[in-house]
Amino acid sequence: MDAVYWGDWKRAHPDSQVLSRDTGAIRSYGNDPYTDYYNDSSIIFPVEHRDDRIHPKTVVFGNKTVPKLYNKFT
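All of these numbers come straight from a predicted model, not from anything done at the bench.

### Quick word on a nonpolar patch on the surface
Then, number 1: A surface patch of nonpolar side chains, amounting to about 370 Å² of accessible area, comprises Val4, Trp6, Trp9 and Val18.
Then, number 2: Note on placement: Val4 falls in the segment before α1 (6-12).

### Some points on the packing of aromatic side chains
Then, number 1: In total, this model carries one aromatic pair according to the counting rule given.
Then, number 2: Centre to centre, the rings of Tyr34 and Tyr37 are 6.4 Å apart; their planes meet at 70 degrees, and the pair counts as edge-to-face.
Then, number 3: Given the relative accessible area of 41%, Tyr34 is considered partly exposed.
Then, number 4: The positively charged end of Lys57 is found above the aromatic ring belonging to Tyr37, 3.7 Å away from the centroid.

Calculation rules
Residues numbered from 1 in each chain as written. Predicted model: local features only at pLDDT ≥ 70, side-chain atom pairs only at ≥ 80, totals over all residues. Heavy atoms only, no water. Patch = residues over 30% accessible without salt bridge, like charges linked within 9 Å, V, L, I, M, F, W, Y side chains within 5 Å. Areas by Shrake-Rupley, 256 points an atom, 1.4 Å probe, with all protein chains shown as cover. Salt bridge = Lys/Arg side-chain N within 4 Å of Asp/Glu carboxyl O. Helix = DSSP H or I, 4+ residues; strand = E, 2+ residues; numbered from the N terminus. Phe/Tyr/Trp six-rings, centres within 6.5 Å; stacked < 30°, edge-to-face > 60°. Buried < 20%, exposed > 50% of the residue type's maximum accessible area, 1.4 Å probe, protein only. Lys NZ or Arg CZ within 6 Å of the ring centre and 35° of its normal.

Nothing here speaks to function; it is geometry throughout.
Now the structure itself:
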């Protein structure tokens, strides 16, 4: 999974469209409100299950695979 800025995406895929910016929320959808947060090592929300091996803002992904057998007739 990749995170991409809309401007970068739009340059690479100029036919892409936004369904609607009229969401009822009072915010600017032209700017990412978290830009400073991404670049700052401080955290603004409490971390419930802290692991000192990595920084609390490190992006991690988990994958849980459950093996299952399928009968070709079901």
